[in-house]
Amino acid sequence: MSQPELTAEQVAARMDSLYEFDREPVDENHLQSNASFAGLLAGEHVAATEFVIGAFFVLHGVTAADLFGGLIVGNILAVLSWAFLCAPIAVRTRLTLYWYLRRIAGPGVTVVYNIGNAFLFCILAGAMISVSSTALGLAFDIPSPQLSDVYPNSVAWVLLTFAIGMAFTVVAILGFEKVSKFAELCSPWIFLVLIAGALALLPRLGVATDFSNFWEVANQKIWTGHPSPGQERFGFWHIAFFAWFANLAMHVGLSDMALFRYAKNWKTGFYSAFGMFPGHFLAWICSGVMVAAVDREMNPGLMAFTAAGIAGAVAVFVAGWTTANPTLYRVGLALQVVTPNWPRWRITLIAGMATTIVACFPVVFLKLLDYVAIYGLLLMPIGAIVFAEHWIFPRLGIPQFEAERKGQQISWTVLLVWIGTLLFCFALPIHLYFRWLPGYFVALGAYILLRKARVRTA
Amino acid sequence: MKPLLWILSIGALGGCLASAVMAFHGMIDDATYKMALLICSVLWFTISSARMYLPARREANPAER
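Every chain is numbered on its own, with residues counted from 1 as its sequence reads. Each chain gets a letter, beginning with A, and each ligand a number, beginning with 1, in the order they are written. Whole-chain, interface and lining totals are the exception, using all residues; otherwise, since this is a predicted model, local features are given only for residues with pLDDT of at least 70 and side-chain atom pairs are given and counted only at 80 or more. Computation of side-chain values covers all heavy atoms of the structure but excludes hydrogens and water.

Novice: Can you tell me about the overall build of chain B, naming the residues and giving the values?
Specialist: A count of helical and extended segments in chain B gives two helices and zero strands. Exposed residues in this analysis have more than 50% of their type's maximum accessible area, buried residues have under 20%, and partly exposed residues fall in between, with area computed by a 1.4 Å probe over protein chains only. For chain B, buried positions account for 31% of its 65 residues. Contact criterion: two residues are considered in contact whenever any of their non-hydrogen atoms come within 4.5 Å of each other. Look at the contacts in chain B between residues 6 or more apart in sequence, and 65% of them connect residues 24 or more apart. Shrake-Rupley sampling with a 1.4 Å probe provides the accessible areas, and residues are treated as covered by the protein chains on show and by no other component. Approximately 4100 Å² of chain B is accessible, and the part contributed by carbon and sulfur atoms is 70%. Secondary structure elements are taken from DSSP: a helix is a run of H or I of four residues or more, a strand is a run of E of two residues or more, and numbering for both begins at the N terminus.

Right under this line is the structure:
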């Protein structure tokens, strides 16, 4: 049976209806307290990725001083980005990025943004499924992939990952709300298991009970400054930039406008520290301790099992599940708008199958750090464009919201700046982690210049 | 009921941490620490689930009001 073809307008209208519930700015009665932001943000930044990221810093041969210093600086910069870039625009507009971007760039660009985001989410969910597989694999004595593996290392690994991926997909189809409620319940426990596991392993590494020799052990046995074979060496700036851009799409990229539009004032942005310092400081340090205790074997399941027994392995599995599940659900929602009247369950099933196939390739979680960098980089130019439109255009006398005023489906200026910035970033001869920052200023400058030039010629 | 469950669930989480602290200080061996952590984890999930779902059940049954 042939399916009717969708026009660009129909796709945009479907995307709008999907986000209809948050079309109106948040009213005064629905603003949330700072305490609820603290709780929400603290839970949001404890996920399966934490078991992998901190461990990778160890494998990349960072020194203890570079790690601690880099994490402090990077996390402070991340908090400042939420407080000075994201929260002020969110509080002034009370809109999500989706609806604000729609006014600036037209519905066509928001569709491209959401579909792009969906594909990026698929890869993230795939990585989380792989992480869960390392935990369940212990129970069946299935060896996890080695650090250098790109392809699956055994049929058993593929079967296990496929079974887990499909189970996660079915749960995503059946009940998102219950899983998201369960995820809320898991976050503090997963954090505690990370802390408990690392603490219990410290004596094995030789740390005295009064912590008097902690720094010495940290430098000699954990963050030694010597990378594992095949890994490049990281220094202070790699760690600082990683901690800063780990949530780049959320703060500089402004997608957390959806959250902070409920804040009473912009200073609530500082409450992101409640997420950063437990999740992206303590938890990363703990996973570093764990990987050092298993002779630097990059196997989150084994690390957690060694550190915390069955509870640890369950924590890794559950962390992967509770991260992958809402991600798969969001992918289903985003892709629903470009499929010809398919029900959400069908598109979630197909997205879940694709994600599961991705998960079978261990390279997705073994290259997680690079993926996190690319994810933020791809969405960052949109943050620069919205920042320019919101703060700079009124000061320069450039009319705002061109797409909305002219009824444009797609703002080609926005699209050009977005693609041009990405080409510039990928051509830059510097480390991947540092490319987004010059890219941000290029996007900002290019968008202002192009719009200014159009105003002059009009 | 809810405040009591909240206190108990925090107690279970505290138990998770306490078992690790005791293992760190050499007061319990590795196997005991891992068993204690597992038991406290199960308690946390049981009590927290009850705390989370109990009010919803009451609302669903008007006769209890």
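Novice: Mind laying out a nonpolar patch on the surface, listing which residues take part and the relevant values?
Specialist: Only residues whose relative accessible area exceeds 30% and that form no salt bridge are eligible for patches; like-charged ones are grouped when within 9 Å, while nonpolar side chains (Val, Leu, Ile, Met, Phe, Trp, Tyr) are grouped when within 5 Å. Salt bridge, as used here, is a side-chain nitrogen of Lys or Arg placed within 4 Å of a carboxyl oxygen of Asp or Glu. A grouping of Ile72, Ile76, Leu80, Phe84, Trp266 and Phe270 of chain A is seen on the molecular surface, where their side chains present a nonpolar patch of about 490 Å² in accessible area. For Phe84 of chain A, the location among the structural elements is in helix 4 (residues 64–93).

Novice: Which residues make up the interface of chain B and chain A, and what are the values?
Specialist: In this complex, chain B contributes 20 residues to the contact, which on the side of chain A involves 28 residues. When two components associate, each loses some accessible surface as probed by a 1.4 Å sphere; the sum of these losses over both components is called the buried area. Across the interface of chain B and chain A, roughly 2000 Å² is buried in total on both sides, 78% from carbon and sulfur atoms. Of all residues in chain B, Phe24, Phe45 and Met52 of chain B give up the largest surface area on contact with chain A, accounting jointly for 34% of the area buried on that side. For the pair chain B and chain A, the number of links is zero salt bridges. Pairs of N or O atoms within 3.5 Å make up the polar contacts considered here, provided that, within protein, one atom can donate a hydrogen while the other can accept it, and that residues adjacent in sequence are counted only when both atoms are side-chain atoms. Where chain B meets chain A, there are five residue pairs in polar contact (both at pLDDT 80 or more). If you tally residues by element for the side of chain B that touches chain A, the top one is helix 2 (residues 30–60) of chain B, at twelve residues.

Novice: Quick one: what's the story with the environment of Val414 of chain A, residue by residue and with numbers?
Specialist: All names here are of chain A. Note that Val414 resides in helix 18 (residues 412–427). Overall, the relative accessible area of 0% leaves Val414 in the buried class. Spatially, the C-alpha atom of Val414 lies 9.7 Å from that of Val386, the residues being 28 residues apart in sequence. Val414 has contacts with Ile104, Ala105, Val109, Ile382, Ile385 and Tyr447, leaving out every residue within four places of it along the chain.

Novice: Hey, could you go over the pattern of salt bridges for me, with residue numbers and the actual values?
Specialist: If you walk through the whole model with that rule in mind, you get six salt bridges over all chains. Ionic pairing is found between Glu389 of chain A and Arg451 of chain A, a salt bridge with its closest N-O pair at 3.7 Å. Here Glu389 of chain A is found in helix 16 (residues 368–396), whereas its partner Arg451 of chain A is found in helix 19 (residues 436–457), with 62 residues between them in sequence. Comparing Glu389 of chain A with Arg451 of chain A shows no difference in burial state: the two are buried. A salt bridge links Asp30 of chain B to Lys34 of chain B; the shortest N-O distance between them is 3.0 Å. Placement of the pair is Asp30 of chain B and Lys34 of chain B together in helix 2, with a separation of four residues, close to one helical turn. Taking the relative accessible area as the measure of exposure, Lys34 of chain B reaches 18% and is therefore buried. Overlapping salt bridges, with partners in common, bring together Glu389, Glu402, Lys406, Arg451 and Arg454 of chain A in one network.

Novice: How would you sum up the nonpolar core? Please name residues and give values.
Specialist: Definition used in this section: a nonpolar core is a set of buried Ala, Val, Leu, Ile, Met, Phe, Trp, Tyr and Cys residues joined via side-chain atoms within 4.5 Å. If you look at the biggest cluster of nonpolar residues, it comprises 175 residues, and the most contacted ones within it are Phe57, Trp189, Trp223, Phe242, Phe260 and Trp436 of chain A. Beyond its immediate sequence surroundings of up to four residues, Trp436 of chain A is in contact with Phe241, Trp244, Phe245, Leu248, Val252, Leu377 and Met380 of chain A.

Novice: Provide a residue-level description of helix 6 (residues 107–139) of chain A, including the pertinent values.
Specialist: Residues and elements named next belong to chain A. Taking 1.5 Å per residue as the helical rise, helix 6 with its 33 residues ought to reach 48 Å, and the 48 Å between its terminal C-alpha atoms agrees with that figure. Counting buried positions along helix 6 gives 26 out of 33 residues, so the element sits mostly inside the fold. Downstream of helix 6 by a residue or two, Asp141 has a phi angle that is positive, lying close to 60°. Working rule for helices: expected span equals 1.5 Å times residues minus one.

Novice: If you had to explain unusual backbone geometry to someone new, which residues and values would you point to?
Specialist: All names here are of chain A. Backbone geometry at Arg94 places phi at a positive 60°, although glycine is not the residue there. Here Arg94 lies in the loop between helix 4 and helix 5 (97–105). Residue Arg94 is classed as buried on the basis of its relative accessible area of 12%. Even without a glycine there, the phi angle at Arg296 is positive, about 60°. For Arg296, the location among the structural elements is in the loop between helix 12 (273–293) and helix 13 (300–336).

Novice: How would you sum up the packing of aromatic side chains? Please name residues and give values.
Specialist: All names here are of chain A. Any two of the Phe, Tyr and Trp rings considered here, Trp counted by its six-membered ring, make a pair once their centres fall within 6.5 Å; the pair's planes then place it as stacked at under 30 degrees, edge-to-face at over 60, or tilted in between. Taken as a whole, this structure holds 34 aromatic pairs over all chains when the rule is applied. Here the aromatic rings of Phe84 and Trp266 are separated by 5.5 Å at their centres, their planes lie at 40°, and the arrangement is tilted. Placement of Phe84 in helix 4 and of Trp266 in the loop between helix 11 (257–260) and helix 12 is noted, with a sequence separation of 182 residues between them. What makes Phe84 partly exposed here is its relative accessible area of 45%. In this structure Trp266 comes out as partly exposed when scored by relative accessible area, which is 31%. When the ring centre of Trp342 is taken as reference, the NZ or CZ atom of Arg346 above it lies at 5.3 Å. Both a distance and an angle decide whether a charge sits over a ring: NZ of Lys or CZ of Arg must be within 6 Å of the ring centre and within 35 degrees of the ring normal.

Novice: Residue-level account of the side chain of Glu50 of chain A, with values.
Specialist: Note on placement: Glu50 of chain A falls in helix 3 (residues 48–59). Filtering out sequence-adjacent residues up to four positions away, Glu50 of chain A remains in contact with His45, Leu194, Gly279, His280, Ala283, Trp284 and Ser287 of chain A.

Novice: A description of the environment of Leu5 of chain B should follow, citing residues and the corresponding values.
Specialist: Residues and elements named next belong to chain B. Its place among the elements puts Leu5 in helix 1 (residues 2–24). Here Leu5 falls in the buried class, since its relative accessible area comes to 10%. What Leu5 contacts, discounting residues up to four positions off in sequence, is Ile47, Ala50, Arg51 and Leu54.

Novice: I'd love a proper account of the confidence of the model for chain B, names of residues and values included.
Specialist: Here chain B shows a mean pLDDT of 86. Residues at 70 or above account for 83%. Counted against residues more than four places away or in other chains, residues 59–65 of chain B, with its pLDDT under 50, gives two contacts. Scored from 0 to 100, pLDDT reflects the predictor's confidence in each residue.

Novice: How would you sum up the packing of helix 16 of chain A against helix 19 of chain A? Please name residues and give values.
Specialist: Residues and elements named next belong to chain A. One can describe the packing of helix 16 onto helix 19 by two numbers: an axis separation of 8 Å at closest approach and a directional angle of 45°. Of the possible angle classes, the one that applies to helix 16 and helix 19 is oblique. For helix 16 against helix 19, the interelement crossing comes out right-handed. Here Leu377, Met380, Pro381, Gly383, Ala384, Ile385, Phe387, Ala388, Glu389, Ile392, Phe393 and Leu396 of helix 16 lie close against helix 19, whose contacting residues are Trp436, Gly439, Tyr440, Ala443, Leu444, Tyr447, Ile448, Arg451 and Lys452. Polarity classes work like this: nonpolar for Ala, Val, Leu, Ile, Met, Phe, Trp, Tyr, Cys and Pro, charged for Asp, Glu, Lys and Arg, and polar for all others, with Gly in that last group. Broken down by class, the residue content of the contact of helix 16 with helix 19 amounts to 16 nonpolar, two polar and three charged. Every axis in this analysis is a line fitted to C-alpha atoms, fitted for helices over the stretch in contact. Angles between the N-to-C directions lie between 0 and 180 degrees. We call two directions roughly parallel when the angle between them is under 35 degrees, roughly antiparallel when it is over 145, roughly perpendicular when it lies between 65 and 115, and oblique otherwise. Each helix crossing is assigned a hand: it is left-handed if the near helix lies turned anticlockwise from the far helix by less than a right angle, otherwise right-handed if that turn is clockwise.

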